[in-house]
Amino acid sequence: MQDPRHPQKDAYALILEAIDSHLYKPGDRLVESELAERFGVSRTPIREALQRLETQSLLTRDGRSLIVASLDHSQLAELYVVRGELEGLAARLAARHAAPEEVKVLQDMLRADKKLITDPAALSRANRRFHKQIHLASHNRFLVQQLDLVHRSMALLATTSLAAEGRGAQTLQEHAQIVQAIAAGDGDAAYRALRDHISAAFITRLKLDAAAVEAAE
Ligand SMILES: [Zn+2]
């Protein structure tokens, strides 16, 4: 029976969302009975969802337990390269194909997101919405699918780079440049602005990780 709290969502979407929102972090154990209890879904769909997530490498085995996978240093670098190019391509296509209404939505997001600058979690959600809007404005369904895959793997990063000192304000400035280029219909500038934005996010993440290693020592 479906839980009335989650009428439309299946077990897979619920667990994925829980990983994405860091309710479950890399290394956390996922237990079938606990998930069934938490989401008010029976154990069979939970088991199927866990299998699917394991096939997609979002979960991994630790002995007999299933844990949320984590990305090692090389995987992280590989992911950011793909993300930078694909997001850049989305921006280039958006500059060419976005309807004026879609550009207006991006501009409205820029304005609204300024209010979230001191709230990294809210800003991180807003950032995802912003990038999703650019993906859709590319009007290329295959690209949107590939970007969804990349963003699913991004859920395996335990922290948001937006929590780093000053990164929130910097992010919004970079977003403004991207939107400006898309609005001007300048595909090359939009590609560069978005690729540089992802590169800056990666640099921030590397610094965060280095600081975390130092703190753990
Ligand atoms: Zn961004």
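Residues numbered from 1 in each chain as written. Predicted model: local features only at pLDDT ≥ 70, side-chain atom pairs only at ≥ 80, totals over all residues. Heavy atoms only, no water.

Peer 1: Looking at this structure, I do not really get the nonpolar core. What am I missing?
Peer 2: Within soluble globular proteins, side chains that are nonpolar tend to cluster in buried spots. Membership of the largest hydrophobic core comes to 33 residues, with the highest contact counts inside it found for Y80, L106, F130, I134 and I182. Of all elements in the fold, only α4 (73-97), α5 (100-113), α6 (120-137), α7 (141-154), α8 (167-183) and α9 (187-216) reach the threshold of two or more residues within this core. Looking at this core, the element that brings in the most residues is α4, giving 9 residues. With near-sequence residues (within four places) excluded, F130 lies in contact with L106, M109, L110, H175 and V179. (Core = buried A, V, L, I, M, F, W, Y, C linked by side-chain atoms within 4.5 Å. Buried < 20%, exposed > 50% of the residue type's maximum accessible area, 1.4 Å probe, protein only. Helix = DSSP H or I, 4+ residues; strand = E, 2+ residues; numbered from the N terminus. Contact = heavy atoms within 4.5 Å.)

Peer 1: In this structure, what is going on with the packing of aromatic side chains? I would like to understand it.
Peer 2: Each aromatic ring pair is characterised by the separation of its centres together with the angle its planes make. This model, assessed by the stated rule, comprises 1 aromatic pair. On the numbers, 4.5 Å between centres and 15° between planes, the contact of Y80 with F202 is stacked. One end of the pair, Y80, is in helix α4; the other, F202, is in helix α9, and 122 residues separate them in sequence. Taking NZ or CZ as reference, R52 lies 3.6 Å from the ring centre of Y12, over its face. Above the plane of the ring of Y191 lies R92, whose end atom (NZ or CZ) is 4.7 Å from the centre. (Phe/Tyr/Trp six-rings, centres within 6.5 Å; stacked < 30°, edge-to-face > 60°. Lys NZ or Arg CZ within 6 Å of the ring centre and 35° of its normal.)

Peer 1: Could you clarify how one ought to interpret the confidence of the model for the protein in this entry?
Peer 2: Low pLDDT means the predicted atomic positions in that stretch should not be read closely. This prediction gives the protein a mean pLDDT of 90; 95% of its residues lie at or above 70. Across the protein, the element-wise mean pLDDT spans from 89 in α9 up to 97 in α5. (pLDDT = per-residue confidence, 0-100.)

Peer 1: Can you help me understand the layout of surface pockets in this one?
Peer 2: Using a probe with the size of a water molecule, rolled over the atoms, empty space left in the structure can be pinpointed. Of the voids in this model, the largest pocket is the one considered here, and its volume is about 1,100 Å³. Along the walls of the largest pocket sit 40 residues, with D20, S124, R125, R128 and H151 positioned nearest its centre. If you list the elements that add at least two residues to the lining of the largest pocket, you get α1 (11-20), α4, α6, α7, α8 and α9. A total of 9 residues in the lining of the largest pocket trace back to one element, the largest contributor, which is α6. Tallied by class, residues from the lining of the largest pocket come to 15 nonpolar, 13 polar and 12 charged. (1 Å grid on protein atoms, 1.4 Å probe; cavity = no way out; pocket = protein on both sides within 12 Å on 5 of 7 lines; lining within 4 Å. Points joined across faces, edges and corners; volume = space filled by probe spheres on them. Nonpolar A, V, L, I, M, F, W, Y, C, P; charged D, E, K, R; others polar.)

Peer 1: Explain the coordination of the zinc ion here, please?
Peer 2: For a metal bound by four donors in a tetrahedral arrangement, the ideal donor-metal-donor angle is 109.5 degrees, while six donors in an octahedral arrangement ideally sit at 90 or 180 degrees. Every protein donor of the zinc ion is accounted for by N127 (OD1), H131 (NE2), H175 (NE2) and H197 (NE2), and the metal-donor separations fall at 2.1 to 2.2 Å. Within one chain, the residues donating to the zinc ion are spaced in sequence as N-x3-H-x43-H-x21-H. Of this pair, H131 sits in helix α6 while H197 sits in helix α9, placing them 66 residues apart in sequence. Comparing H131 with H197 shows no difference in burial state: the two are buried. (Donors = N, O, S within 2.8 Å, 3.2 Å for Na, K, Ca; no water.)

Peer 1: Help me out: how do you make sense of the environment of R61 in this one?
Peer 2: Examined against the element boundaries, R61 turns out to sit in strand β2 (residues 59-62). For the pair R61 and R29, spaced 32 residues apart in sequence, the C-alpha to C-alpha distance is 9.4 Å. Apart from residues no more than four positions distant in its own chain, R61 is found in contact with E54 and L66. A polar atom in the side chain of R61 sits 3.2 Å from the side chain of E54. Within the structure, the side chain of R61 is placed 3.4 Å from the backbone oxygen of R64, a separation counted as a polar contact. (Polar contact = N/O pair within 3.5 Å; in protein donor to acceptor, adjacent residues only side chain to side chain.)

Peer 1: I'm lost on the pairing of strand β3 (residues 65-68) in this one. Help?
Peer 2: For a regular strand, side chains alternate in direction, first toward one face of the sheet and then toward the other. Here β3 shows two buried faces, one formed by S65 and I67 and the other by L66 and V68. Looking at chain direction, strand β1 (residues 29-30) and β3 are connected through 2 bridges and run antiparallel. Paired with L30 across the bridge in β3 is L66. Bridge count between β2 and β3: 4 bridges; the pairing is antiparallel. Paired with L59 across the two strands is V68, which belongs to β3. Linking two consecutive strands that pair antiparallel, namely β2 and β3, is a turn of 2 residues; a positive phi of about 65° is found at G63 within it. (Pairing = 2+ DSSP bridges.)

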